[in-house]
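An overview of the molecular structure
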Amino acid sequence: MTGHEPLRCLAVRILRDVEGEIDNTEFEAFLDEVAGRHQWISTTEWLFVEPPAEAGGELTVPVVVLETVAVKAVLNDLTNKPPRILFDHATSPSETRKWRWIAFQTAPNAQGQGRFPWERFNA
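What comes next concerns the included structure. Computed from a prediction, not measured in an experiment: that's the story for all the values here.

Attention shifts here to unusual backbone geometry. P82 follows K81 through a cis peptide bond whose omega is -5°. Within the secondary structure layout, P82 lies in the loop between α2 (67–77) and β4 (85–90). Notably, H38 is not glycine yet its phi reads approximately 65°, a positive angle. Along the polypeptide, H38 turns up in the loop between α1 (24–34) and β2 (41–42). On the basis of relative accessibility, which here comes to 26%, the residue H38 falls in the partly exposed class.

This is the structure we're talking about:
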């Protein structure tokens, strides 16, 4: 996989735990199941763009994946009733740079550029 494959940002509907917070354990298990382990990166809030109107007011978080992984994830999610992936869009160059910054926060390297999870574990 090259670092130049386009990225997609998925709007994933979250489930809440008993305290009303995002159920992170369930969320990670869901994404690992539909997209694959180490194939996604997420933030808890829409930092760069507004939540998509197509989500219909559902509480969603952004998840960035490679375009090929997005196709797999959306297809795998089709069996969920209701689906959890409500919308996706291609990331703009500036949005991709911001996601790279998020990756740097979680996995900095000596070159000062963050690595996405799939770059760290597939290398």
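Anyway, onward from the coordinates.
With 14 residues, helix α3 (residues 93–106) ought to run about 20 Å at 1.5 Å a step, and its terminal C-alpha atoms sit 20 Å apart, in line with that. For α3, every residue scored as buried is listed here: E95, W99, R100, I102 and A103. The buried residues of α3 all sit within an arc of 155° when viewed along its axis, so they share a single face. Looking at α3, the residues exposed on the side facing more than 90 degrees away from the buried face are P93, R97 and W101. Residues of α3 that are buried make contact with β1 (7–13), β2, β3 (60–66), β4 and α4 (117–121).

Here the focus is the side chain of D77. By the secondary structure assignment, D77 is in helix α2. R84 is the oppositely charged side chain nearest to the buried, salt-bridge-free D77, at an N-O distance of 6.2 Å. Aside from chain neighbours lying at most four places away, what touches D77 is F30, V34, P83, R84 and I85.

Contact geometry of α1 with α2 gives a least axis separation of 8 Å together with a crossing angle of 110°. It follows from the interaxial angle that α1 and α2 lie roughly perpendicular. From α1, F30, E33 and V34 reach across to α2, where they touch K72, A73, N76 and D77. In terms of residue class, the contact of α1 with α2 is made up of 3 nonpolar, 1 polar and 3 charged.

So, on to the pairing of β3. Burial runs high along β3: 7 of the 7 residues are buried. Here β1 runs beside β3; their pairing, made up of 7 bridges, is antiparallel. The residue bridging A11 from the neighbouring strand is P62, located in β3. Note that β2 and β3 share 2 bridges and pair antiparallel. Within β3, the residue paired with S42 across the bridge is V63.

Criteria and thresholds
- Residues numbered from 1 in each chain as written.
- Predicted model: local features only at pLDDT ≥ 70, side-chain atom pairs only at ≥ 80, totals over all residues.
- Heavy atoms only, no water.
- Helix = DSSP H or I, 4+ residues; strand = E, 2+ residues; numbered from the N terminus.
- Buried < 20%, exposed > 50% of the residue type's maximum accessible area, 1.4 Å probe, protein only.
- Expected span 1.5 Å × (residues − 1).
- Arc of directions from axis to C-beta.
- Contact = heavy atoms within 4.5 Å.
- Lys, Arg positive; Asp, Glu negative; His and termini not counted.
- Salt bridge = Lys/Arg side-chain N within 4 Å of Asp/Glu carboxyl O.
- Axes fitted to C-alpha atoms, helices over the stretch in contact; angles between N-to-C directions.
- Parallel < 35°, antiparallel > 145°, perpendicular 65-115°, else oblique.
- Nonpolar A, V, L, I, M, F, W, Y, C, P; charged D, E, K, R; others polar.
- Pairing = 2+ DSSP bridges.

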